[in-house]
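Chains, contacts and geometry: an overview
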Amino acid sequence: MISRSFALDCKIMSALPESIDAVETLLSRGDYVADRSLATTLFLALKMGRPLFLEGEAGVGKTEIAKVLAATLGRRLVRLQCYEGLDLSSAVYEWNYPRQMLEIRLAEAAGGGDKEALARDLFSPDFLVERPLLQALKPDPAGAPVLLIDELDRTDEPFEAYLLEVLSDFQITIPEIGPIKAAEPPIVIITSNRTREIHDALKRRCLYYWVDYPSAERELAILERKVPGVQKRLSREIVGFVQHLRETELFKLPGVAETIDWTRALAFLDKVSLDPETIDNTLGVLLKYQDDIAKMKGSEAANILRQVQQDMASLGI
Amino acid sequence: MVLLPDPTSGQNGEGGAFATNIVHFVRLLRASGLRLGPGKAMDAVRAVEVAGIRRRDDLYWTLFSVLVNRRDQRDLFDQAFHIFWRDPKILERMMSLLLPQAEGTAEPSKSNMSQRLRQALLPGQGEARASNEKKEVEIDATLTFSADELLQKKDFADMTAEEMDQAKAAMARIDWPFRPARTRRLQPDARGHRIDLRASLQASLRTGGTIIPLKRKSPGERPPPLVVVCDISGSMSQYSRMFLHFMHALSNDRSRVHSFLFGTRLTNISRMLRQRDVDKALTAVSERVPDWSGGTRIGATLAEFNRLWSRRVLGQGAVVLLLTDGLDREGGEGLPREMERLHKSCHRLIWLNPLLRWDGFEPKAAGIRAILPHVDDFRPVHNLSSIADLAHALSHESDAGNRLKLNLGRLAA
């Protein structure tokens, strides 16, 4: 989403922002329209060197924050996508087994010799395959990387417990080599969809922020940035409709990502304004559960649309 | 401090009165439910020797550091300490506890003394010597005796204290063998299907690299998360108290247990139940829950559960225990849809219904008919044997299908 030349421009200014306003400008340069509260928390996280723990419903732009931050600060983005069964060898480090076995063979061919030296060689950094967490501790000419630990709730508790050491000391201990400590701690962003509760011990080490659905003005601003060239009237109707939807009791409320998708969909259909039929036909872009779609389809959606249009008329738009 | 005759004698002489008192104090704590082995008594005596007692609070904190290892034991220790180290007759009472044929005669001096401590100080009077063994069991059982103040808050129907104790003791004994769910995390396994190269190469170093012994691994197993959703409406009031103990036992037995209560609204009580001390846990619950023994809105509360909680607690193959009689004030309105959603969101849905104690139970009420098609298993919970059956059922899935078919057949007929 961020153009190449732009990303290159930003490479130069990898210093951390000095004020909350600067954070806001930074995010907005990366096309991320942030709340003041988010900018404040992010500023504090950067300033205090603490991990930022972002929780929120799916599709409210949690992951995007890390991406934008990395791009605008010109830092490397190291992403660790969590999943069930994530373990040390895919998250932290792995030994290069084929090379190790080759080394053993070579040592044999050379006539055995010093067994202890072999052991030392086999588990030296040369044979180490670095995975995201270890990569994030490595120094980088552009400055400490942004470490994104995405959807932490998908892993299990043992992995969380492991993260405790990494996040409080920014240090990883490899038994054969010893502790590896980051010279400059990475900027850590953790996201969670809340499919289970993250342990308090981990939360305690982080700054917490609940990413909420945006207000109408902010959502409008987001649409302007993300889907440029859409008629003002249409985007106002879309935002009004989605904001109304979020007040109804649905199983899964539409997130910002859905709003953007829907706007794009309507733009592809060359619509300049919403009408009940179009809404019915494209509701699947917005709502992802059959129950929710069945509830909204037809008269319910038409009612909401009428209300949105009335509101807009009364405001003289 | 009367019993502290001469501090120096306790410090110097082995087996002095002071050491004996400490041993008795440890026995008192043990009888009140702290798990203290004989080694702890020796540690306590030695600690007091090392610390050297000059002041009362020195003694307090010395004993505290040795004897208390959980936060919720603090209050009990505090009360026991103040009673024991002040009351000169305490030793006699302790003797009466240790020798059941001698009758304890003293009255409890403090009205707000912990129920457990009181029981430990004053074992039942007039018991024959023959019941020696039984008596010890009783003292154990008082561990979990629920304090009166809990009762004042809500009208849990009349389950006698004796029944309560039995139920509690039985529940504590039940080993909850939930069918473990397979995880994707691999663990060492000599007969596993995957080769663990990391372990193999590490092992090969022991032979200097000449032999690489093949180490294997396979997916591990762990018990699935458990979600208990319990009805506390008026029609269930006879059972809700026992179920709370049941939920408390579950919460403390294993990790990843979430508990919810519902009547006219839904309350998450998982955190409160995680307290080890059952009295404290239940007091906290009763303060939190506003709708004891009121009406039931099963459909509406399940809708709330589905909307707000299902995504947060039903991940990773959760098993849901739904404790309700299915009698709904709103006549099962909206219930089928919510049950279907709940059933689809969890790995296994087990309905525990106390009404099933009657052999001729027929699913007539609208709520019951709405719930039945959407459960994997359907069991009675009204006495201890049914709870023991439940424990069995949770570990043997095959047995469940039959029962369900049977009941559905009955429903269709």
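Residues numbered from 1 in each chain as written. Chains lettered and ligands numbered in written order. Predicted model: local features only at pLDDT ≥ 70, side-chain atom pairs only at ≥ 80, totals over all residues. Heavy atoms only, no water.

All right, on to the interface of chain A and chain B then. Each partner contributes residues to the interface: chain A has 38 residues there, and chain B has 28 residues. Both faces combined, the contact of chain A with chain B buries some 2900 Å², and carbon together with sulfur accounts for 50% of it. Summed over the three residues of chain A that lose the most area to chain B, namely Glu-84, Tyr-97 and Phe-251 of chain A, the buried surface amounts to 22% of that side. Run the count over chain A and chain B and you get seven salt bridges. For Arg-198 of chain B, the salt bridge is made with Glu-94 of chain A, and the minimal N-O distance between the two is 3.0 Å. The tally of links from chain A across to chain B stands at 13 residue pairs in polar contact (both at pLDDT 80 or more). Secondary-structure elements contributing two or more residues to the side of chain A that touches chain B are helix H5 (88-91), strand S3 (93-95), helix H6 (97-109), helix H7 (115-122) and helix H9 (157-169) of chain A. If one sorts the elements of the side of chain A that touches chain B by residue count, H6 of chain A sits on top with five residues. Of the residues contributing to the side of chain A that touches chain B, the split by class is 16 nonpolar, five polar and 17 charged. (Contact = heavy atoms within 4.5 Å. Buried area = accessible area lost by both parts, 1.4 Å probe. Salt bridge = Lys/Arg side-chain N within 4 Å of Asp/Glu carboxyl O. Polar contact = N/O pair within 3.5 Å; in protein donor to acceptor, adjacent residues only side chain to side chain. Helix = DSSP H or I, 4+ residues; strand = E, 2+ residues; numbered from the N terminus. Nonpolar A, V, L, I, M, F, W, Y, C, P; charged D, E, K, R; others polar.)

On to H6 of chain A, then. A rise of 1.5 Å per residue sets the reference length of H6 of chain A, with its 13 residues, at 18 Å; its end C-alpha atoms lie 18 Å apart and thus fit the reference within 8%. Looking only at H6 of chain A, the buried set comprises Tyr-97, Gln-100, Ile-104 and Ala-107 of chain A. Here the buried residues of H6 of chain A occupy an arc of 80° about the axis, which is enough to place them on one side. Exposed residues pointing more than 90 degrees away from the buried face of H6 of chain A are listed as Pro-98, Leu-102, Arg-105, Leu-106 and Ala-109 of chain A. Against S3 and H7 of chain A together with helix H11 (197-204) of chain B lie the buried residues of H6 of chain A. Immediately beyond the C-terminal end of H6 of chain A, within one or two residues, lies Gly-111 of chain A, with a positive phi of roughly 100°. (Expected span 1.5 Å × (residues − 1). Buried < 20%, exposed > 50% of the residue type's maximum accessible area, 1.4 Å probe, protein only. Arc of directions from axis to C-beta.)

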